[in-house]
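Here is what each chain is made of, one letter per residue.
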Amino acid sequence: MVKQLYYEDVEIGIEIPSQTRVTTTRQLVMYAGAEDDYYEGHYDHLFATQMGMKGVFNHGWLIAAFLAKIVTDWKGDEGSFKYFRIQYRAPTFPGEPIICKGKVVDKYLKDGEHLIECEVWAEDEKGNRNTTGKVVLSLPSRSDRRDG
Amino acid sequence: MIGKEVGHRVTEIEKGAIKKFARAIDDPNPLWQDEEYAKRTKWGGIIAPPTFIAYCKTELPQLNLPLKRLLHGEDEIEYYLPIRPGDVISSVCKIVDIYEKKGKSGPMIFTVLETTHTNQAGQLVARNRISIIAY
């Protein structure tokens, strides 16, 4: 379904197509159930405001999932995640756009695998990065391709 | 405290749990939920999306810190094998680091927990580290 990306197609500096997400409190409740994470800051307004937040805030792992999705949608089915690091620099809130972006910062061969390193991040409408991360992917190579 | 095992959990991975997770993150990729589609890929069947590893967490240990608020600072995951429906994932969590930093409003204590996940065949599936900030 997704066009397959090959190691040879990737150049350092190219951008991963961005996606903009906006969560709702309903999605946070769905996510809490799906991840089995019932920390009150994600659904209890009073609890969140007593923490000093302006209201319930998005799960860090949910933003991580949005960042992972721009990569999985781009890489095709055959590539695989080797490493993922996500740093939560500022909380994000339902109703506010989360613009997920990424770019390729390195590519190399290691232990027979064709690896690429990407920087990924989520920013708000003003361009402030609230979540930053790094992904290492293993991609298929056209030289490994077998016909038939 | 450092090096101490603080949690252990065995999670049976149901296809429905992966589907529910994919729906919650609003990711319709058929690789996470369409068996017929997934069979034709190199994976040979459904696999879980990359951040599904969060589902296999152990209970957060009681850290007994003299601070009220907790925040999630960072996650780091090393992947070795995909998680598949039917897997039985055994997750062992230990404390790998604790350190203090001065924050704007007082001390902040960082606790780093590392969880190692293995499947029913004893193969390493993933290792993840989470950094929790108490302040």
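Up top you'll find the structure we're talking about.
Everything in this summary refers to the structure shown in the same document. This is a predicted model, so every value here is computed, not measured.

Here we take up unusual backbone geometry. Residue and element names in this part refer to chain A. In the Ramachandran plot, Asp 36 falls in the positive-phi region, its phi being about 70° despite a non-glycine side chain. Tracing the backbone through its elements, the reader meets Asp 36 in the loop between α1 (25–35) and α2 (45–50). The class for Asp 36 is partly exposed, based on a relative accessible area of 31%. With phi around 50°, Asp 111 is a residue other than glycine that occupies positive phi space. Tracing the backbone through its elements, the reader meets Asp 111 in the loop between β3 (98–110) and β4 (113–123).

On to the pattern of salt bridges, then. If you walk through the whole model with that rule in mind, you get 15 salt bridges over all chains. Linking Lys57(B) and Glu35(A) is a salt bridge whose minimum nitrogen-to-oxygen distance equals 2.7 Å. Taken as a pair, Lys57(B) in the loop between α2 (35–39) and β2 (70–79) and Glu35(A) in helix α1 lie in two separate chains rather than in one. When its relative accessible area of 25% is taken as the criterion, Lys57(B) is described as partly exposed. Exposure remark for Glu35(A): the relative accessible area of 1% places this residue in the buried category. In this structure, the salt-bridge partner of Glu113(A) is Lys82(A), at a minimum N-O distance of 3.1 Å. In this pair, Glu113(A) is assigned in strand β4 and Lys82(A) in strand β2 (residues 80–88), connecting sequence segments 31 residues apart. Classification of Lys82(A) by relative accessible area gives partly exposed; the value is 25%. Members of the salt-bridge network, linked through shared partners, are Glu76(B), Glu78(B), Glu114(B), Arg127(B) and Arg129(B).

For the rest of this paragraph, the subject is the interface of chain B and chain A. The parts lose accessible area when they come together, and the size of an interface is often stated as this lost area. Each partner contributes residues to the interface: chain B has 36 residues there, and chain A has 38 residues. Buried surface at the junction of chain B and chain A, summed over both partners, amounts to about 3100 Å²; 58% is from carbon and sulfur atoms. When the area that chain B buries against chain A is broken down by residue, the three leading residues are Ala24(B), Asp75(B) and Tyr79(B), summing to 16%. Put simply, chain B and chain A have two salt bridges between them. Between Arg9(B) and Asp36(A) there is a salt bridge, with its nearest N and O atoms 3.5 Å apart. There are 15 residue pairs in polar contact (both at pLDDT 80 or more) connecting chain B and chain A. It is β2(B) that provides the largest number of residues to the side of chain B that touches chain A, a total of 10 residues.

This brings us to the packing of α1(A) against helix α3 (residues 60–75) of chain A. Residue and element names in this part refer to chain A. Contact pair α1 / α3: the axes reach a minimum separation of 10 Å and the direction vectors enclose 95°. Considered as vectors, α1 and α3 are oriented roughly perpendicular to each other. Residues Gln 27, Leu 28, Tyr 31 and Glu 35 of α1 lie in contact with α3, whose contacting residues are Trp 61, Leu 62 and Phe 66. Across the contact of α1 with α3, the residue classes break down as five nonpolar, one polar and one charged.

Reading guide: rules and limits
Residues numbered from 1 in each chain as written. Chains lettered and ligands numbered in written order. Predicted model: local features only at pLDDT ≥ 70, side-chain atom pairs only at ≥ 80, totals over all residues. Heavy atoms only, no water. Helix = DSSP H or I, 4+ residues; strand = E, 2+ residues; numbered from the N terminus. Buried < 20%, exposed > 50% of the residue type's maximum accessible area, 1.4 Å probe, protein only. Salt bridge = Lys/Arg side-chain N within 4 Å of Asp/Glu carboxyl O. Contact = heavy atoms within 4.5 Å. Buried area = accessible area lost by both parts, 1.4 Å probe. Polar contact = N/O pair within 3.5 Å; in protein donor to acceptor, adjacent residues only side chain to side chain. Axes fitted to C-alpha atoms, helices over the stretch in contact; angles between N-to-C directions. Parallel < 35°, antiparallel > 145°, perpendicular 65-115°, else oblique. Nonpolar A, V, L, I, M, F, W, Y, C, P; charged D, E, K, R; others polar.

Nothing here speaks to function; it is geometry throughout.
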